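Given next are the chains, with one letter for each unit.
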Amino acid sequence: MSASIPLPGQHRPSSAGDEPSADPDTVRTEVSSLLNQLTIESTDHEGSETVDADADALARDASLLDRAHEVLVRALTTVDKT
């Protein structure tokens, strides 16, 4: 028995053929713009610097990451999956 593999963006409602192909440069620009707005910087586990992040900053960064994820998912839904 063969299980089907879910395709990127399959969970999103869409009308077939309504979305144009995503331009890779546009996707890169959108995602880079969103990531550049992040306020909390991560450090490696051995870094001596700690980050005191408040709840508002975490919520804002989570929203930016969610938006970047949506840009990527939207781009993946336009890719020919056959």
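Rules and cut-offs
Residues numbered from 1 in each chain as written. Predicted model: local features only at pLDDT ≥ 70, side-chain atom pairs only at ≥ 80, totals over all residues. Heavy atoms only, no water. Helix = DSSP H or I, 4+ residues; strand = E, 2+ residues; numbered from the N terminus. Expected span 1.5 Å × (residues − 1). Buried < 20%, exposed > 50% of the residue type's maximum accessible area, 1.4 Å probe, protein only. Contact = heavy atoms within 4.5 Å. Salt bridge = Lys/Arg side-chain N within 4 Å of Asp/Glu carboxyl O. Arc of directions from axis to C-beta.

(A) Region of the structure containing helix α2 (residues 55–77). The terminal C-alpha atoms of α2 lie 33 Å apart, and with 23 residues this matches the ideal 33 Å at 1.5 Å per residue to within 8%. Taken together, the buried positions of α2 are A57, D61, L64, A68, V71, V73, A75 and T77. Against the buried residues of α2 lie α1 (24–36).

(B) A look at the pattern of salt bridges. A complete count under the given rule lists two salt bridges for this structure. A salt bridge links R28 to D25; its shortest N-O distance comes to 2.9 Å. Here R28 and its partner D25 are both found in helix α1, three residues apart, which amounts to about one turn of the helix. As far as burial versus exposure is concerned, R28 and D25 are alike and both exposed. Linking R74 and E30 is a salt bridge whose minimum nitrogen-to-oxygen distance equals 3.4 Å. Of this pair, R74 sits in helix α2 while E30 sits in helix α1; the two residues are 44 residues apart in sequence, bridging distant segments of the chain. Taking the relative accessible area as the measure of exposure, E30 reaches 32% and is therefore partly exposed.

(C) Structural detail: the environment of L38. Structurally, L38 is set in the loop between α1 and α2. Looking at L38, the relative accessible area reads 29%, which means it is partly exposed. Taking the C-alpha atoms as reference points, L38 and A62, separated by 24 residues in sequence, lie 8.9 Å from one another. Beyond its immediate chain neighbours, meaning those up to four positions away, L38 contacts D61, L64 and L65.

(D) Structural context of α1. Over its 13 residues, α1 extends 18 Å from the first C-alpha to the last, a length consistent with the 18 Å expected when each residue adds 1.5 Å. Of all the positions in α1, only V27, V31 and L34 are classed as buried. One side of α1 carries all its buried residues, which in axial view fall inside an arc of 60°. Exposed residues lying more than 90 degrees from the buried face of α1 are D25, R28, T29 and N36. Against α2 lie the buried residues of α1.

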